Amino acid sequence: MHTLYIAAVLAAICVAINAQVNFPEPQVIQPLELHNVGGRHKLEGDDIKEAEDELTKSLTKIASGENGPHYRLEKIHAAYKAIVAGFRYDINADLVDDDNKGETKNCDVQIWSKSVNEGSRVTFKCYQEPVVVREHET
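The residue numbers shown here count from 1 along each chain, following its written sequence. Totals for whole chains, interfaces and linings use all residues, but because this is a predicted model, local features are given only for residues with pLDDT of at least 70 and pairs of side-chain atoms are given and counted only at 80 or more. Where side-chain values are given, they derive from all heavy atoms of the structure, hydrogens and water being excluded.

### Structural notes on the side chain of Lys-81
Our working rule: Helix and strand assignments follow DSSP, with helices taken as H or I runs no shorter than four residues and strands as E runs no shorter than two, numbered in order from the N terminus. The buried label goes to any residue with under 20% of its type's maximum accessible area, the exposed label to any with over 50%, and the partly exposed label to all in between, with areas taken from a 1.4 Å probe on protein chains only. Identification of polar contacts relies on pairs of N or O atoms within 3.5 Å, with a donor-acceptor requirement for protein atoms, meaning one able to donate a hydrogen and the other able to accept it, and with residues adjacent in sequence counted only if both atoms are side-chain atoms. Contacts were defined at the residue level, with two residues in contact if any of their heavy atoms lie within 4.5 Å.
Secondary-structure assignment places Lys-81 in strand β2 (residues 71-84). Overall, the relative accessible area of 13% leaves Lys-81 in the buried class. A distance of 2.4 Å separates a polar atom in the side chain of Lys-81 from a polar atom in the side chain of Glu-50. Dropping the residues within four chain positions of it, Lys-81 is found in contact with Gly-39, Arg-40, His-41, Leu-43, Glu-50, Phe-87, Arg-88 and Tyr-89.

Structure below.
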């Protein structure tokens, strides 16, 4: 009797091991189109207005200070936004230099708008000129 019980258990185990289970095919989950922290994305269409507003605000605040520079926005060629400790805008634009007889310069401008009430840091990298960094309150 004991042998018959062991044989039945072994037979059940063999059947279970050899049984084919039809698992469904795994599904590939597409990532959500969210902007990851630190991930930079290009601003296009109506979204470029956001970068334009941020740049114009920064240029106005910096120009009102003693150290300048005194730039005005002429045209944005490209703009990107990244979520960091706040927001970072990377903008390539033509700026009019009111300190230099209205000369137009092509500049890469980075605006780091820090967390609430911590202000912004603006970096100007204009062609064949030294890098200029200024900070302003929000």
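Still more ground to cover, so stick around.
### So, the pattern of salt bridges
Convention followed: Definition used for salt bridges: Asp or Glu carboxyl oxygen within 4 Å of a side-chain nitrogen of Lys or Arg.
Inspection of every chain in the model, using the stated rule, returns 10 salt bridges. A salt bridge links Arg-72 to Asp-98, with the nearest nitrogen and oxygen atoms 3.0 Å apart. Taken together, the residues Arg-72 in strand β2 and Asp-98 in the loop between β3 (86-97) and β4 (103-113) connect sequence positions 26 residues apart. Classification of Arg-72 as partly exposed rests on a relative accessible area of 44%. Glu-129 is paired through a salt bridge with Lys-105; the nearest N and O atoms lie 2.8 Å apart. Taken together, the residues span a long stretch of sequence, with Glu-129 in the loop between β5 (120-126) and β6 (132-136) and Lys-105 in strand β4 at a distance of 24 residues. According to the relative accessible area criterion, Glu-129 is partly exposed, its value standing at 31%. The network of salt bridges with shared partners includes Arg-40, Arg-88 and Asp-90.

### Remarks on the pairing of β4
Defined as follows: When DSSP locates at least two bridges between a pair of strands, those strands are taken to pair.
Relative to β4, β3 is paired through 11 bridges, and the arrangement is antiparallel. Across the sheet, residue Phe-87 finds its bridge partner in β4, namely Ser-113. Between β3 and β4, which pair antiparallel in sequence order, lie five residues; one of them, Lys-101, sits at a positive phi of approximately 55°. With seven bridges connecting them, β4 and β5 associate as antiparallel partners. By the bridge assignment, Ile-111 is partnered in β5 with Val-122. Joining the antiparallel neighbours β4 and β5 is a turn of six residues, in which Asn-117 adopts a positive phi near 65°.

### Some details on the state of the cysteines
Cysteine pairs can be linked by a disulfide, which is a covalent bond between their two sulfur atoms. Going by this rule: By disulfide we mean two sulfur atoms from cysteines, separated by a distance within 2.5 Å.
Scanning the model with the defined rule gives one disulfide in all. Across the disulfide, Cys-107 is cross-linked to Cys-126 (sulfur-sulfur distance 2.0 Å). Taking the torsion about the sulfur-sulfur bond, which here is approximately 100°, the covalent link between Cys-107 and Cys-126 counts as right-handed. One end of the pair, Cys-107, is in strand β4; the other, Cys-126, is in strand β5, with 19 residues separating them in the sequence. On the basis of relative accessible area, Cys-126 is assigned to the buried category, the value being 7%.

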